[in-house]
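# A structural walkthrough
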Amino acid sequence: SISQYYMANRRNDSTGFFEGYIIHLLSDVYCAIHFYEPFIKSITGDIGKKKNQFKEESYGVNYYFYKRYQKEKNLYQLLSTGKAETMDGVIDKKTIEERISQLFEFEFKYRDISNVDAYEICTVGEMEKMVEGACKFIIKEIENKRYKNFFNNGENEVLILAIKCI
């Protein structure tokens, strides 16, 4: 389980990184269950065509949100100044640094999103609902008894407040 992995692998010098990674995993779980799986199960007809549409709309809506929040949240500085850590057997510092570069060189690169309101799969409204749902899911998981003293030695209130501010 995610909590067992965290407890077995966390180190005092990188607790913040691990907490962020665990929150990332929990958000992936939520999105897979509440968005991607239902989308895949709903496909009729040409699966390849729908997957390509999903991919294009996903990149487009990501760029839309990047443009919407880049100045207010200073995403470039936030992502480029974060301290990447190696997690043995899972991910290394170089991979994380490459992923951040990929965000700015590909995913956040200019794309025509003039038709974002016409998206059928990854709509702005659905993505906003997914983020809100994922935040509630993560907060519920953090507050769950099995996560007692899990995040930052029980200082969950600060973490929950940060998630609520997303």
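For every chain, the first residue of the written sequence is number 1, and numbering continues from 1 onward in sequence order. Only residues with pLDDT of 70 or above have their local features reported here, since the model is predicted, and side-chain atom pairs are shown and tallied only from 80 upward, although totals for entire chains, interfaces and linings are computed over all residues. The basis for every side-chain value is the complete set of non-hydrogen atoms in the structure, without hydrogens or water.

### Brief notes about the overall build of the protein
Quick note on the threshold: Secondary structure elements follow DSSP: runs of H or I no shorter than four residues count as helices, runs of E no shorter than two count as strands, and numbering proceeds from the N terminus. Type-normalised accessible area, obtained with a 1.4 Å probe on protein chains alone, sets the label of each residue: buried when under 20%, exposed when over 50%, and partly exposed for intermediate values. By definition in these notes, contact holds between two residues if any of their heavy atoms fall within 4.5 Å. With residues, only the protein chains shown are counted as cover, and all accessible areas are computed by Shrake-Rupley using a 1.4 Å probe.
Counting its secondary structure elements, the protein contains 7 helices and 0 strands. Secondary structure elements of the protein occur, N-terminal to C-terminal, as α-α-α-α-α-α-α. Counting over 166 residues, the protein shows a buried share of 34%. Here the contacts in the protein between residues at least 6 apart in sequence split such that 70% fall between residues at least 24 apart. A total accessible area of about 11000 Å² is found for the protein, and carbon and sulfur atoms account for 53% of it.

### Topic: helix 3 (residues 47-73)
This is how it is decided: To estimate how far a helix should extend, the number of its residues minus one is multiplied by 1.5 Å. Two axes enter the bend calculation: one fitted to the seven residues ending at the residue in question, the other to the seven starting there, and the bend is the angle between them. In protein, a polar contact requires one atom able to donate a hydrogen and another able to accept it; more generally it is a pair of N or O atoms within 3.5 Å, and residues adjacent in sequence count only if both atoms are side-chain atoms.
In this model, helix 3 (27 residues) spans 37 Å end to end at C-alpha, consistent with the 39 Å of a helix rising 1.5 Å per residue. Residue lysine 67 marks the point of greatest curvature in helix 3, where the axis turns by about 30°. Where helix 3 is concerned, the buried positions are Phe54, Glu57, Ser58, Gly60, Val61, Tyr63, Phe65 and Tyr66. N-cap assignment for helix 3: the residue whose side-chain oxygen lies 3.1 Å from the backbone N of glycine 48 is aspartate 46. Two residues or fewer after helix 3 comes asparagine 74, characterised by a positive phi angle close to 50°.

### Observations regarding the packing of helix 3 against helix 6 (residues 124-143)
Quick note on the threshold: To obtain each axis, a line is fitted to C-alpha atoms, and for helices this fit is confined to the stretch in contact; angles are then taken between N-to-C directions over 0 to 180 degrees. Roughly parallel refers to an angle under 35 degrees, roughly antiparallel to one over 145, roughly perpendicular to one between 65 and 115, and oblique to any angle outside these ranges. The classification used treats Ala, Val, Leu, Ile, Met, Phe, Trp, Tyr, Cys and Pro as nonpolar, Asp, Glu, Lys and Arg as charged, and all other residues, Gly among them, as polar.
Two numbers describe how helix 3 lies on helix 6: the axes approach to 10 Å, and their chain directions differ by 75°. In terms of orientation, helix 3 lies roughly perpendicular with respect to helix 6. Listed contacts from helix 6 to Val61, Tyr64, Phe65 and Arg68 of helix 3 are Val124, Met127 and Glu128. A breakdown of the residues in the contact of helix 3 with helix 6 according to their chemical character gives 5 nonpolar, no polar and 2 charged.

### A look at the nonpolar core
Operational definition: Side-chain atoms within 4.5 Å link the members of a nonpolar core, which is a set of buried Ala, Val, Leu, Ile, Met, Phe, Trp, Tyr and Cys residues.
Core analysis: the largest hydrophobic core is formed by 22 residues, its most contacted members being Phe35, Phe54, Val61, Tyr66, Ile121, Cys122 and Met127. Per element, the largest residue contribution to this core is 5 residues, and it comes from helix 3. Setting aside its immediate chain neighbours within four residues, valine 61 contacts Tyr119, Cys122, Thr123, Val124 and Met127. Core analysis: the next-biggest nonpolar cluster, separate from the first, contains 5 residues, Ile23, Leu26, Ile138 and Ile142 among them.

Just geometry here; none of it tells us what the structure is for.
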